[in-house]
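Chain residues, written in single-letter form:
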Amino acid sequence: MRILGLLLVVISCCWASDWFLCPGVELKNPLLKLILSSPKASQWDIMCLNVTAPLDYSNPSAGDISLFVTKLTNLSSSPKLTSQLWMIAGGPGEAGEPLLNSMINWDLMDALDETFELIFPDHRGTGYSTPLYCPNPDMAHVVECTTYLDEVMGDNLHQFTISNAARDINFLLKMNSGPGIKQHLYGISYGTLLIQRFLLIFNSTEDRPLSVTLDGVVSPTHMEGIDYDVHFNNIGRVFMARCDSDTFCSAAFDGTCAYQKMQELFDALSQGEPTCFDKLTQPLPPPFAENKHMGLEMLFATILEDEVARVLIPPTVFRINRCNSDDIAALNHLMKLIGGGGLNIGDEPLIPADNVLLLINIETSELLSFDTPPDAKTLAEQSMSLYFATFAEVEVRVWYDFWNRYPLDGYTQKVPNVDGLPLLMLNGNLDPATPVYWPSDLWMHYFSSSPLAKFVMLDTSTHGSLVYSPVTNSDTPCGIQVLASWLLGGYETNTVDTTCLSHLAPIDWEGTNADTIQDSITFFGTTDMWQF
């Protein structure tokens, strides 16, 4: 307990409370260093802010935490900067810098007008915002890590909650508000749940931003981590059905349903029947070496979220079933790639996050299950029955029994009443992490309380449709085009320019696009992902 207090004091007194140019300080964050050195970043000013906020908003005497924020802006802008887009990262456990990097690479600032600046807070417990820490946050040290946290933090760990992160957003918005300042909120994935919690707690008109955008929408009433892989598999099945509806892709499976061919392959693996894996000369890497079924479904889940690489899933099934000399060479190449760390399959943690401990704190306390979750063995068996699975919640379930979970505060599973707030929801219909049927249900609730609620579904888009929505007639993703039209006035009249929806790039089943060819080279060692 005393160590946490000392840590908070040290962090607080090392930083100024005003915005400053990020290169003006020594930064230990390697991603932020990389961002600052990139050519694209040089056309903008990247500012940093570090302020103290209450550890416990209901008890200010309990101590402080540090909140770190980055900002993409143009200090020489004319006209004056008057519009703020606060971009709330996902997770739980993600800091703001990966989202900052993505927005620089995808030129969101260019799509908006010169009055805008983009602001990226680190959630409490991540990045520079008083990150949670134990020496070895991995499955081999669960007891040691939880014991360490109990000794160092005690019940102060209970303050690193969704609701307090929402209060941090309000704290930062108020600090950076002023006459003529227009504040908008955008959230991705878990960030959409956090914004909905913010709207529950701060539901008066004066506390709300001018507009809210939710991208990859998490439903407070549907999100149970124990079913995460089930949802993943649902969308994986839809994706394979898209293969069946394509003349070229379906031909590879001789008129048989592609998902059925996948099912037959996994059945063979489950029953220990010989497959093409047995003919490979390349040693199988983990987790394939321990369980080929598990390795393959984790591989498929990993690349299902990638809008380019996912197209390699049907060819992988096809190659394992056909198993000629070209296929054996391609699969040897794939196993070597995975074994060398070229694909993050089965590495701990299974859910990547800037701060795994914050993820575990929030997941075990209120997102894993609305009731007592099934044990880890039962969850593993459920995931093993699927063909697209991350096994991430199996790991979280192991931590659950040892974690000092925080008590719920009454906001869990509740949906805010938006009362006329301009609200835009974006979701890809091939998003496995936040499936499109979640925002479809939420939209009815939000539309009933706000005529300024809008839902835009982006066909073929995966998780994070803001940027993972390529079009054939522009370098600017459709999601960014839609968001820009919303922020540049559409939120006032509930109108957005959705022209780009008719130009969304189709799935490249034939593997002829440059990006697909490059992924095929990386994946299989050949430019032709099928090699018919």
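Residues numbered from 1 in each chain as written. Predicted model: local features only at pLDDT ≥ 70, side-chain atom pairs only at ≥ 80, totals over all residues. Heavy atoms only, no water.

Notes on the overall build of the protein
Part 1 of the reasoning: A count of helical and extended segments in the protein gives 19 helices and nine strands.
Part 2 of the reasoning: Relative to a compact globule of 532 residues, whose C-alpha radius of gyration would be 24 Å, the protein shows 23 Å and is just as compact.
Part 3 of the reasoning: Once the C-alpha set of the protein is aligned to its principal axes, its extents read approximately 70 × 55 × 45 Å.
Part 4 of the reasoning: Restricting the contact set of the protein to residue pairs at least 6 apart, pairs at least 24 apart contribute 78%.
Part 5 of the reasoning: For the protein, the accessible surface area stands at approximately 21,100 Å², while carbon and sulfur atoms represent 52% of it.
Part 6 of the reasoning: Between the centroid of the 26 positive side chains of the protein and the centroid of its 63 negative side chains there is a distance of 2 Å. (Helix = DSSP H or I, 4+ residues; strand = E, 2+ residues; numbered from the N terminus. Rg over C-alpha atoms; globule rule 2.2 N^0.38 Å. Contact = heavy atoms within 4.5 Å. Areas by Shrake-Rupley, 256 points an atom, 1.4 Å probe, with all protein chains shown as cover. Lys, Arg positive; Asp, Glu negative; His and termini not counted. Charge placed at Lys NZ, Arg CZ, Asp CG, Glu CD.)

As for the state of the cysteines
Part 1 of the reasoning: The full count for this structure, using the stated rule, is five disulfides.
Part 2 of the reasoning: The side chain of Cys243 participates in a disulfide bridge whose partner is Cys249; the two sulfur atoms lie 2.0 Å from each other. Measuring handedness by torsion sign, the sulfur bridge of Cys243 and Cys249 sits at about -90° and is left-handed. Both residues of the pair, Cys243 and Cys249, count as buried. (Disulfide = S-S within 2.5 Å. Buried < 20%, exposed > 50% of the residue type's maximum accessible area, 1.4 Å probe, protein only.)

As for the environment of Glu510
Part 1 of the reasoning: If you trace the backbone, Glu510 turns up in the loop between helix H18 (478–493) and helix H19 (514–524).
Part 2 of the reasoning: Considered as a pair, Glu510 and Pro315 are 195 residues apart in the sequence and their alpha carbons are 9.9 Å apart.
Part 3 of the reasoning: Excluding its chain neighbours within four sequence positions, the residues that come into contact with Glu510 are Phe248, Met529 and Trp530.

Notes on the pairing of strand S8 (residues 423–428)
Part 1 of the reasoning: Counting buried residues in S8 gives six out of six residues, a clear majority hidden from the surface.
Part 2 of the reasoning: Covered by surrounding structure in S8 are Leu423, Met425 and Asn427 together with Leu424, Leu426 and Gly428, the residues of both alternating faces.
Part 3 of the reasoning: Both strand S7 (residues 211–215) and S8 contribute to a ladder of four bridges, which runs parallel. Each residue of the ladder has a partner; that of Leu214, found in S8, is Met425.
Part 4 of the reasoning: Examined bridge by bridge, S8 and strand S9 (residues 453–458) share six bridges and lie parallel to one another. Counted as the bridge partner of Gly428 is Leu458 from S9.
Part 5 of the reasoning: Handedness of the crossover is the feature at issue here: the chain leaves S8, passes through helix H17 (residues 437–449), returns alongside S9, and the resulting connection is right-handed. (Pairing = 2+ DSSP bridges. Right-handed = clockwise from strand over helix to strand, strands pointing away.)

Some words on the pairing of strand S5 (residues 116–121)
Part 1 of the reasoning: With respect to burial, S5 is a largely interior element, six of its six residues being buried.
Part 2 of the reasoning: Of the two faces of S5, the one lined by Phe116, Leu118 and Phe120 and the one lined by Glu117, Ile119 and Pro121 are each fully buried.
Part 3 of the reasoning: In this sheet, S5 lies alongside strand S3 (residues 64–73) in antiparallel orientation, the contact comprising four bridges. When the bridges of S5 are listed, Val69 appears paired with Pro121.
Part 4 of the reasoning: Bridging between strand S4 (residues 83–88) and S5 involves four bridges; their strand directions are parallel.

Concerning the environment of Gly255
Part 1 of the reasoning: Among the secondary structure elements, Gly255 is positioned in the loop between helix H9 (247–251) and helix H10 (258–270).
Part 2 of the reasoning: As for Gly255 and Met335, which are separated by 80 residues in sequence, their C-alpha atoms are 29 Å apart.

Things to note about the nonpolar core
Part 1 of the reasoning: Counting 66 residues, the largest nonpolar core has Ile162, Leu185, Leu194, Phe198 and Val212 as the members making the most contacts within it.
Part 2 of the reasoning: Counting 50 residues, the second-largest nonpolar core is a separate cluster that includes Leu265, Cys276, Ile338 and Ala433. (Core = buried A, V, L, I, M, F, W, Y, C linked by side-chain atoms within 4.5 Å.)

Details of the environment of Leu67
Part 1 of the reasoning: Mapped onto the elements of the fold, Leu67 is located in strand S3.
Part 2 of the reasoning: Discounting chain neighbours no more than four positions away, the residues touching Leu67 are Leu49, Asn50, Val51, Ala53, Arg124, Ser129, Asp168, Phe171 and Leu172.

Remarks on the packing of helix H14 (residues 356–367) against helix H16 (residues 392–400)
For any two helices packed against each other, one specifies the crossing angle of their axes together with the interaxial distance.
Part 1 of the reasoning: One way to put it is that H14 packs onto H16 with a least axis distance of 10 Å and a crossing angle of 80°. Judged on the interaxial angle alone, H16 and H14 are roughly perpendicular. Residue-level contacts link Leu359, Ile360, Glu363 and Thr364 of H14 to Glu393, Val396, Trp399 and Tyr400 of H16.
Part 2 of the reasoning: Taken together, the residues that form the contact of H14 with H16 break down as five nonpolar, one polar and two charged. (Axes fitted to C-alpha atoms, helices over the stretch in contact; angles between N-to-C directions. Parallel < 35°, antiparallel > 145°, perpendicular 65-115°, else oblique. Nonpolar A, V, L, I, M, F, W, Y, C, P; charged D, E, K, R; others polar.)

Considerations on helix H12 (residues 313–322)
Part 1 of the reasoning: The buried count for H12 comes to eight of ten residues, which makes it a mostly enclosed element.
Part 2 of the reasoning: Within the span of H12, buried status applies to Ile313, Pro314, Pro315, Thr316, Val317, Phe318, Arg319 and Ile320.
Part 3 of the reasoning: Of the surrounding elements, those touching the buried residues of H12 are helix H8 (228–244), H9, H10, helix H11 (292–304), helix H13 (325–339) and H19.
Part 4 of the reasoning: Following H12 by one or two positions, Cys323 adopts a phi angle in the positive range, close to 60°.

Some remarks on unusual backbone geometry
Part 1 of the reasoning: A cis amide bond links Gly91 with the next residue in sequence, Pro92, at an omega value of 0°.
Part 2 of the reasoning: Counting through the fold element by element, Pro92 comes out in the loop between S4 and helix H3 (97–105).
Part 3 of the reasoning: Of note, the amide linkage connecting Pro286 to Pro287 takes the cis form, showing an omega dihedral of -5°.
Part 4 of the reasoning: Inspection of the secondary structure assignment puts Pro287 in the loop between H10 and H11.
Part 5 of the reasoning: Positive phi values are uncommon outside glycine, yet Asp107 reaches one of about 60°.

Looking at the confidence of the model for the protein
Part 1 of the reasoning: Per-chain confidence: the protein averages 90 in pLDDT, with 93% of residues scoring 70 or above.
Part 2 of the reasoning: H12 holds the highest mean pLDDT among the elements of the protein, 98, whereas helix H1 (residues 2–13) holds the lowest, 36.
Part 3 of the reasoning: A low-confidence stretch, residues 1–17 stays under pLDDT 50, and its non-local contacts, those more than four residues away or across chains, total 24 contacts. (pLDDT = per-residue confidence, 0-100.)

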